[in-house]
Amino acid sequence: MALVLGLGSLLNHSEFPNTSYTINQSSDSITYTTSRQIAADEELCIFYGNNLWFRSADSTGDISPPHFVDDDQWGGLSTIDVYTEHNHIAMSNHNPFSQGDPSGIIPEETLPFDRFKPLPEEETLESIQTMLVWVVDIADPRHTGTMLKWLKHNKLEEEMGHLKRVRKQGGTSTMLLIAALPLGTSVSLSSDPLPFPQLLESLPQDLSLGTPYTIPVPSSVALTPLSHQLKNCLWPTIFAPKRKDVGEEWTRGKAAWAWEAIHYVMREAVKIKRNGEVPIVSYVPSPYGSESNSALPIAFASHDTRNSANHPLRHSIMNVVRKIADYRNTPLSDATTESPSDDNRQNGSHYLLTSLTLFTSHEPCVMCSMALLHSRVKEVVYIRAMGKTGGCGGLTCLPVLKGVNHRFGILRWKADLVDDEDGILVLDDDVDA
Ligand SMILES: C[S@@+](CC[C@H](N)C(=O)[O-])C[C@H]1O[C@@H](n2cnc3c(N)ncnc32)[C@H](O)[C@@H]1O
């Protein structure tokens, strides 16, 4: 740890700092630079970070304040205890979804958002998921019926319903028998040979069948014509295109939760615009309806700080992902600080937003959309589209690009459901959110 002495130690913290700093390792010095015009008598403030050990005088009422240790004998230099209290934004009266049965499913057309529909997955041969199965060649096609009876007798005929039972190729019929590995298990070339299933010892002897062998076959139905064609190269697969517009069903309760989240984002945007920031806000609450909230016990919000931090990459999404990672990274006690078994901290997975919904005022830019892909976020709900800079359908759509290894839902809040008469969220076209 380095402690700044001299004048540097006088700089207080602010959520909206007017001074940034850079550390120069070679000269062991810190350079402070004001990031805007400073009025006479105005106090210079820097941003200390997200894990404060005191209650900040200019706090914007963050909904996830850390828990403060009263007296730790370290003069305020202790680590911060993880705050586990649940936080909820109070439900407001005019929330149109707050009345009625919270578990009722909302019809697609009355949802408060439009879904951006990404292409179905699995459009390349490499992205097709496979499973290993036992098959057997049937030399004489007239024996196929007998083999089907054998399957039925062994109660196997209903397994692997996404595949055709028999493949005819170059005069040979091959029959699918039984899965060779539990679903989701992958085999590598170095794996030991698979044990021959006992059941296959009882195959009819008099049909001059070949010896059963294993092959990889698609592990799910084909959703698109292209994927059908590709999957059929491995094994004849059932074609079952998903109905268009199919997305996760939303309940009234979840819509009410999202409505509050969006309006929280709106209110924060108003506040930070007043403070001279670009009014872009992102907010990640605990997942709706989850009892344990183990994915995220409390809510986090951040705003854009490119002006105050004088740093072009301090976008609200980068800030909120970082805030969540910092929170999870806060050691619970000295014992965990050095625990080598804390794999998450070691491998840096604290930034993961798996199963979480991110609400944001503006369509995320390409950089932030990529960060969200990395973070494995479940879905993103935004208010204003950014046609020229957005990475979720505006300029491009990162989650549908070929080769990306995660998809997330993209939901655009309906414009008539947010009150932005003052144009708080209006940004220049070329601003990247
Ligand atoms: C490096 S010192 C800053 C100078 C200090 N205020 C002084 O007068 O010596 C850090 C301490 O200042 C206080 N502090 C800094 N920023 C603050 C803020 N925004 N709100 C309340 N206290 C703050 C906290 O007590 C913190 O431990």
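Quick note: structure is the one above.
These lines cover the structure that appears in this document, whether it is placed above or below. (Residues numbered from 1 in each chain as written. Predicted model: local features only at pLDDT ≥ 70, side-chain atom pairs only at ≥ 80, totals over all residues.)

## So, the overall build of the chain
In terms of regular secondary structure, the chain is built from 7 helices and 14 strands. If you take every contact in the chain between residues at least 6 apart in sequence, the share linking residues at least 24 apart comes to 67%. (Helix = DSSP H or I, 4+ residues; strand = E, 2+ residues; numbered from the N terminus. Contact = placed C-beta atoms within 7 Å.)

## Some details on the sheet that holds strand 7 (residues 166-169)
Taken together, 4 strands build an open sheet; the order of strands is 7-8-6-9 and the sheet is antiparallel. Strands at the two margins of the open sheet, each flanked by one partner only, are strand 7 and strand 9 (213-218). Each neighbouring strand pair of the sheet contributes to a mean axis angle of 40°, computed without reference to strand direction. Across 6 bridges, strand 6 (residues 130-138) lies against strand 8 (residues 172-179) in antiparallel orientation. Opposite valine 135, over in strand 8, you have leucine 176 as the bridge partner. (Pairing = 2+ DSSP bridges. Axes fitted to C-alpha atoms, helices over the stretch in contact; angles between N-to-C directions.)

## What about the pairing of strand 8?
As paired strands, strand 7 and strand 8 are joined by 4 bridges and run antiparallel to one another. Within the sheet, the bridge partner assigned to valine 166 lies in strand 8 and is methionine 175. Linking strand 7 back to strand 8 in an antiparallel pair, the connection comprises 2 residues, with glycine 170 at a positive phi of about 50°.

## Quick notes on the environment of serine 127
For serine 127, the location among the structural elements is in the loop between strand 5 (113-116) and strand 6. Look at serine 127 and you get partly exposed, because 13 C-beta atoms sit within 10 Å. (Buried ≥ 20, exposed ≤ 12 C-beta atoms within 10 Å, placed from the backbone.)

## Re the site of the ligand
In the neighbourhood of the ligand, 10 residues make up the surrounding shell, with Asn12, His13, Phe54, Ser56 and Ala57 lying closest. A class-by-class count of the residues in the shell around the ligand yields 3 nonpolar, 6 polar and 1 charged. (Near = placed C-beta within 6 Å. Nonpolar A, V, L, I, M, F, W, Y, C, P; charged D, E, K, R; others polar.)

## Focus: the sheet that holds strand 10 (residues 281-284)
With mixed pairing, 6 strands are arranged side by side in an open sheet as 5-14-13-12-10-11. Of all strands in the sheet, those with a lone pairing partner are strand 5 and strand 11 (300-303), marking the two edges. Mean inter-strand twist for the sheet, computed between neighbouring axes without regard to direction, equals 20°. The sheet contact formed by strand 13 (residues 379-384) and strand 14 (residues 409-413) spans 4 bridges and is parallel. Note that in strand 14 the partner of tyrosine 382 across the bridge is arginine 412.

## Describing the pairing of strand 13
Within strand 13, 6 of the 6 residues are buried, leaving the element largely enclosed by the surrounding structure. Between strand 12 (residues 357-362) and its parallel partner strand 13, the chain crosses via helix 7 (residues 366-375), and the hand of that crossover is right-handed. (Right-handed = clockwise from strand over helix to strand, strands pointing away.)

## Some thoughts on unusual backbone geometry
Even without a glycine there, the phi angle at serine 355 is positive, about 70°. Relative to the assigned elements, serine 355 resides in the loop between helix 6 (343-347) and strand 12. Phi is positive for arginine 376, close to 65°, though the residue is something other than glycine. Secondary-structure assignment places arginine 376 in the loop between helix 7 and strand 13. Residue class for arginine 376 comes out partly exposed when judged on the 17 C-beta atoms lying within 10 Å of it.

## Here we look at the packing of helix 4 (residues 316-329) against helix 7
Two numbers describe a pair of packed helices, the interaxial angle and the distance between the axes. Their axes nearest at 9 Å, the elements helix 4 and helix 7 cross at an angle of 25°. Relative to helix 7, the element helix 4 lies roughly parallel. For the element pair helix 4 and helix 7, the recorded crossing hand is left-handed. Every residue of helix 7 that contacts helix 4 at Ile317, Met318 and Val321 is listed here: Cys368, Ala371, Leu372 and Ser375. (Parallel < 35°, antiparallel > 145°, perpendicular 65-115°, else oblique. Left-handed = near helix turned anticlockwise from the far one by under 90°.)

## Brief notes about the environment of histidine 362
Position of histidine 362 among the secondary structure elements: in strand 12. Looking at histidine 362, the number of C-beta atoms within 10 Å reads 31, which means it is buried. C-alpha of histidine 362 to C-alpha of isoleucine 383: the two residues are 21 residues apart in sequence and 5.5 Å apart in space. In this view, histidine 362 contacts Ile280, Tyr382, Ile383, Arg384, Met386, Leu425, Leu427 and Ala433; residues no more than four positions away in its chain are not counted.

## Examining helix 7
Cys368, Ser369, Ala371, Leu372 and Ser375 are the residues of helix 7 that are buried. With its buried residues spanning 160° around the axis, helix 7 presents them on a single face. Its buried side turned inward, helix 7 meets helix 4, strand 12 and strand 13. Arginine 376 sits one or two residues past helix 7 and shows a positive phi near 65°. (Arc of directions from axis to C-beta.)

## Quick word on the nonpolar core
Judged by nonpolar contacts, the single largest core of 52 residues is most densely connected at Ile262, Val284, Val380 and Val381. Ranked by residues supplied to this core, first place goes to helix 3 (residues 252-274) with 11 residues. Apart from the residues within four sequence positions on either side, valine 381 is in contact with Phe113, Ala258, Ile262, Thr357, Phe359, Leu411 and Trp413. Grouped together as the second largest cluster of nonpolar side chains are 13 residues, Leu176, Leu177, Ala180 and Val217 included. (Core = buried A, V, L, I, M, F, W, Y, C linked by C-beta atoms within 7 Å.)

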